[in-house]
Amino acid sequence: MKLKQRIFFLTAAIAFVLDFIYIIVQRTLSSGGAPEGDIFHTFLVLIMLLSLGYAYFRLSSDHENSAVQLIGRTVIAITIYLLIIGIVQLSAMTDFQSIRGVVQPASYSTLVVAAVISGIGAIASVIVFASLTRLIFVKRRQKTKRNFIILLVLGGLTIIFEFLGSPNGVGLGGISALSGILLAITIMMMIVNAFRFSWILSLTRREKIINLLLSLVGFVFFIILSIYASGNEALNKSLLYYHPMLQQFVELCFIFGAIYMGIGFTSTLLHLPTAKEFDRKQVELSSLQNMSRLITQVFDFDELVATTTHLALEVSEGDAAWLELLSDEALTRPLAGNAKSGTTGDAVRSRETTILRNSLKNIDPESIAKLRRNDGSPLQSLAFETANPVLIQDFHGDRRVSAEARSLRDIGTLLIAPLSRHGEIIGLLCVTKRKAYEFDRDIMNVLYAFADMVSVALENSSLIRESIQKERMVRELQVAHEMQRSLLPQDLPSSPRFEIAAHSIPAYEVGGDYYDVLSFDDNRLGLLVGDVSGKGVSAALYMAQVKGIFQSLSGVSASTRDILIRMNGPLCNGMERKSFISLLYAVLHTEEGLLTFARAGHCPLLHVRDNRAAYLRPEGMALGLDPTPRFAESLEEETLRLAANDIVVMYSDGVTETRDRNDEEFEYQRLADCVLEHRDHSAQEILTSILERVQNFSGKQEADDDVTVLVLRWKNTL
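Residues numbered from 1 in each chain as written. Predicted model: local features only at pLDDT ≥ 70, side-chain atom pairs only at ≥ 80, totals over all residues. Heavy atoms only, no water.

According to the stated counting rule, one finds one cavity of 30 Å³ or more in the structure shown. If you go around the largest cavity, the residues you meet are Y514, G530, D531, V532, M543, V546, I581 and L583. Counting residues per element, the ones that place at least two in the lining of the largest cavity are β10 (524–532), α17 (536–554) and β11 (581–589). Ranked by the residues each element gives to the lining of the largest cavity, the list is headed by β10, at three residues. Split by residue class, the lining of the largest cavity holds six nonpolar, one polar and one charged. (1 Å grid on protein atoms, 1.4 Å probe; cavity = no way out; pocket = protein on both sides within 12 Å on 5 of 7 lines; lining within 4 Å. Points joined across faces, edges and corners; volume = space filled by probe spheres on them. Helix = DSSP H or I, 4+ residues; strand = E, 2+ residues; numbered from the N terminus. Nonpolar A, V, L, I, M, F, W, Y, C, P; charged D, E, K, R; others polar.)

Ranked by internal contacts, the top residues of the largest apolar core, which has 72 residues, are Y81, L135, W199, L235, L246, F254 and Y260. Sequence-distant contacts of L135, defined by excluding residues within four places in its chain, comprise A67, L70, I71, R196, W199 and Y260. In terms of nonpolar packing, the next biggest core, distinct from the first, is built from 48 residues, L488, L605, L616 and L640 among them. (Core = buried A, V, L, I, M, F, W, Y, C linked by side-chain atoms within 4.5 Å. Buried < 20%, exposed > 50% of the residue type's maximum accessible area, 1.4 Å probe, protein only. Contact = heavy atoms within 4.5 Å.)

Interaxial distance between helix α3 (residues 67–91) and helix α7 (residues 205–230) falls to 9 Å at its minimum, and their mutual angle equals 35°. When the axes of α3 and α7 are compared, the crossing they make is left-handed. For the pair α3 and α7, the contacting residues are V68, I71, G72, T74, V75, I78, T79, Y81, L82 and I85 in the first and E207, I210, N211, L214, V217, G218, F221, F222, I224, L225 and Y228 in the second. Tallied by class, the residues present in the contact of α3 with α7 amount to 15 nonpolar, five polar and one charged. (Axes fitted to C-alpha atoms, helices over the stretch in contact; angles between N-to-C directions. Left-handed = near helix turned anticlockwise from the far one by under 90°.)

Time to look at the packing of aromatic side chains. The way to describe two aromatic rings as a pair is by their centre distance and the angle between their planes. Counted by the stated rule, this structure contains 14 aromatic pairs. Seen from their ring centres, F57 and F129 are 6.0 Å apart, and the 75° between their planes marks the pair as edge-to-face. Taken together, the positions of F57 in helix α2 (residues 39–61) and F129 in helix α4 (residues 108–136) put the pair 72 residues apart, joining distant regions of the chain. Ring centres 4.9 Å apart and planes at 65° place the aromatic pair Y615 and Y668 in the edge-to-face group. Note that Y615 is positioned in strand β14 (residues 612–616) and Y668 in helix α21 (residues 667–677), a separation of 53 residues in sequence. Overall, Y668 belongs to the partly exposed group, its relative accessible area being 30%. Joined through ring pairs, the aromatic side chains of F57, F129, F137, F148 and F249 make up one cluster. Looking at R617, its charged tip hangs above the ring of Y668, at a distance of 5.5 Å from the centre. (Phe/Tyr/Trp six-rings, centres within 6.5 Å; stacked < 30°, edge-to-face > 60°. Lys NZ or Arg CZ within 6 Å of the ring centre and 35° of its normal.)

If you walk through the whole model with that rule in mind, you get 15 salt bridges. Residue D521 pairs with R524 through a salt bridge whose shortest N-O separation is 3.3 Å. Residue D521 is classed as partly exposed on the basis of its relative accessible area, which comes to 35%. Here D663 ties to R659 by a salt bridge, and the two come within 3.3 Å at their closest N and O atoms. (Salt bridge = Lys/Arg side-chain N within 4 Å of Asp/Glu carboxyl O.)

Here we take up the pairing of strand β16 (residues 646–651). For a regular strand, side chains alternate in direction, first toward one face of the sheet and then toward the other. Within β16, six of the six residues are buried, leaving the element largely enclosed by the surrounding structure. Bridge count between strand β13 (residues 605–609) and β16: three bridges; the pairing is antiparallel. Residue pairing across strands places L606 opposite V649, the latter belonging to β16. Here β16 pairs with strand β17 (residues 707–714) via six bridges, running antiparallel. In the strand pairing of β17, D646 is matched with W714. (Pairing = 2+ DSSP bridges.)

This brings us to unusual backbone geometry. Backbone geometry follows two general trends: most residues other than glycine have a negative phi, and most peptide bonds adopt the trans configuration. One non-glycine residue, E317, adopts positive backbone phi at about 55°. Secondary-structure assignment places E317 in the loop between α11 (301–316) and β3 (320–326). Of note in the backbone geometry, D610 takes a positive phi value of approximately 55° without being a glycine. Its location among the elements puts D610 in the loop between β13 and β14.

Here we take up the sheet that holds β3. Strand order in the open sheet formed by five strands is β4-β3-β7-β6-β5, with antiparallel pairing between adjacent strands. The sheet is open, and its two borders are formed by β4 (353–355) and β5 (390–392), each paired with just one other strand. The average undirected angle you get between the axes of adjacent strands in this sheet is 20°. The pairing of β5 with strand β6 (residues 413–421) spans three bridges and is classified as antiparallel.

Our focus in this paragraph is the confidence of the model for the protein. On average, residues of the protein carry a pLDDT of 84, and 93% of them reach 70 or more. Scored below 50 in pLDDT, residues 333–345 makes 12 contacts in the model with residues more than four places away or belonging to other chains. (pLDDT = per-residue confidence, 0-100.)

Where α2 contacts α4, the two axes come as close as 10 Å, and the packing angle between them is 45°. In terms of their interaxial angle, α2 and α4 are classed as oblique. Of the two elements, α2 crosses α4, and the hand of that crossing is right-handed. Side by side, α2 and α4 meet where M48, L49, L52, G53, Y56, F57, S60 and S61 of the first sit next to A122, I123, V126, I127, F129, A130, S131, T133 and R134 of the second. Of the residues belonging to the contact of α2 with α4, the class tally is 11 nonpolar, five polar and one charged. (Parallel < 35°, antiparallel > 145°, perpendicular 65-115°, else oblique.)

Once that is clear, we can look at the layout of surface pockets. Empty space within the largest pocket amounts to approximately 680 Å³. In this structure, the largest pocket is lined by 21 residues; those nearest its centre are L50, F129, L152, I159 and F249. Secondary structure elements with two or more residues in the lining of the largest pocket: α2, α4, α5 (144–165), α6 (176–194) and α9 (244–271). Its residues assigned to classes, the lining of the largest pocket shows 17 nonpolar, four polar and no charged.

Attention now goes to α6. Given a rise of 1.5 Å per residue, 19 residues ought to cover 27 Å, and the 26 Å separating the end C-alpha atoms of α6 matches this to within 8%. Among all positions in α6, only S179, L182, T186, M189, M190, N193 and A194 are buried. Each buried residue of α6 lies within a common arc of 135° when the element is viewed along its axis, so the set occupies one face. Exposed side chains of α6 directed beyond 90 degrees from the buried face belong to A177 and M188. The elements touched by buried residues of α6 are α4, α5 and α9. (Expected span 1.5 Å × (residues − 1). Arc of directions from axis to C-beta.)

Here it is, written out as structure tokens:
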């Protein structure tokens, strides 16, 4: 409750207490006189009613209550009030006397009871008036506000004239007839305003039944209270004594309540037969809304199909439902043949669908398998042939249904709705009813619309699943990329006699190129560049295998040729038949300046001295191709004595086979020219120049193949 509402409630309470004290004091001082016609008393009563009414209106407006809740609140208020009146009436707690037509309490106790009855009556009337006002303005029309204002004006005039004419009020004579006419017109406007029951249309069957009972009880109670409020009863005398305006206000509210409840009861009774249809529409709307949420919120495929058939049963009031989807193979398989020869129809009939077990509702796969046509093809193929929904209203009398299928006694009506994606049928939504002719046009239209939403939901789920798989693959490849980088040497050895620079650029997240530099002792340095056939994860795994084998053998004091021969055996056993590894292995003797190397099917070694460049090509087949002695027989080893400022370049075929936009290869000559141009530069500068030249030649940011370069510059400055 907001502060402003509390202030108005408090104001109403203070006004009531002050007025009660004022009545007591006035009665004491006037020896039995009544507060009738007293301006201060009237002022306090108006303050109490207006403050109470405003506060309650604001309070009830802040809460969203349904029409049935408002009716229930009204009935509860008058029921409590009726019980209080009944207790007072039966216990004879009031004793009024009439002096020249003026009603006065015979004792102080009657005065207190009259004040309490009046105060509670004011609260009950405000609750009734506020609730009925809100009900009248539900889905209001253009004339609603106008009619209600007329009612307020007439009601206000009736109250004022009652105050003026009543002996307990001003006591003016000759206006009783006019007051009666005003009351009659006000009741007529109550009837006009009471025909505002558009909210009944939106009630469910259960709510209509509750409203029917509440309206009946409310109508009876309001009639009783109206009689009490206008007759010569304790209620009437208490209100009349307290103030004629309050008595008239309470009486008008009770009459208005009786009219509204009576019309409400009749209207609800008339709408009750259509309640079931409205409930069905509500379920349809709710199911379609749920399906809309599924499209965007449910990513789990099994949960999606299970919920889909559940909603399909809700939306159609069906007895069984299931989903069937075409396999990926069936979706991609073309429908060969032509319609004239009938081969297309045969192809369509042969399209096999898969029953999604999670989607099965009240039916088993064995029963579905019996759904056959007379030619033995599935009944579901009718949807593929026509590309339209299929409805079999009389399942056991339809000539398209085989005799075996007719043995299914739980199916009286069968509806098959195609699920389409981009104009192509991807599956079927099937719903059955036990009795024949159970699906009317409305249900069929809703199911067809529902099937379209199911198609969207399934495609959405499929796209999300693919997206998640791609994201997972990207993460895995990123991890593999980092692992592969960790396999390459992080720091390269350097010496006053030589410089080494190396770099590898994979074509994808992971590549198949590999280089390594190992220092065996103070005088020997191993240099290795390899290339695994293929690309991607499998190539990267083979690369890791090569590193492991090489490092395990590198400690063995053997020639480069012998090392390659020893590596070939394990690789032949561990690699696929179509895979192989090309490799160039060299050992640099740093004291003598000798470079011994062997080549296993790899790119030739580039040697630059002064202004001359030469490619050295010792014979040798790639690793992993031949486990027989022919591999060893094919291998040759060469030795090169390096001179000062000699440059040796080891590289993968991604360098020389890089293609430009005209599909021309970079080739060996451009590599040699690049090194010659930068022969006076450092090893790192030569490496950078080669990589930039290759990238500029291709004109692409990303290489088509793995690119690996290792540059050795022999300075021999000692």
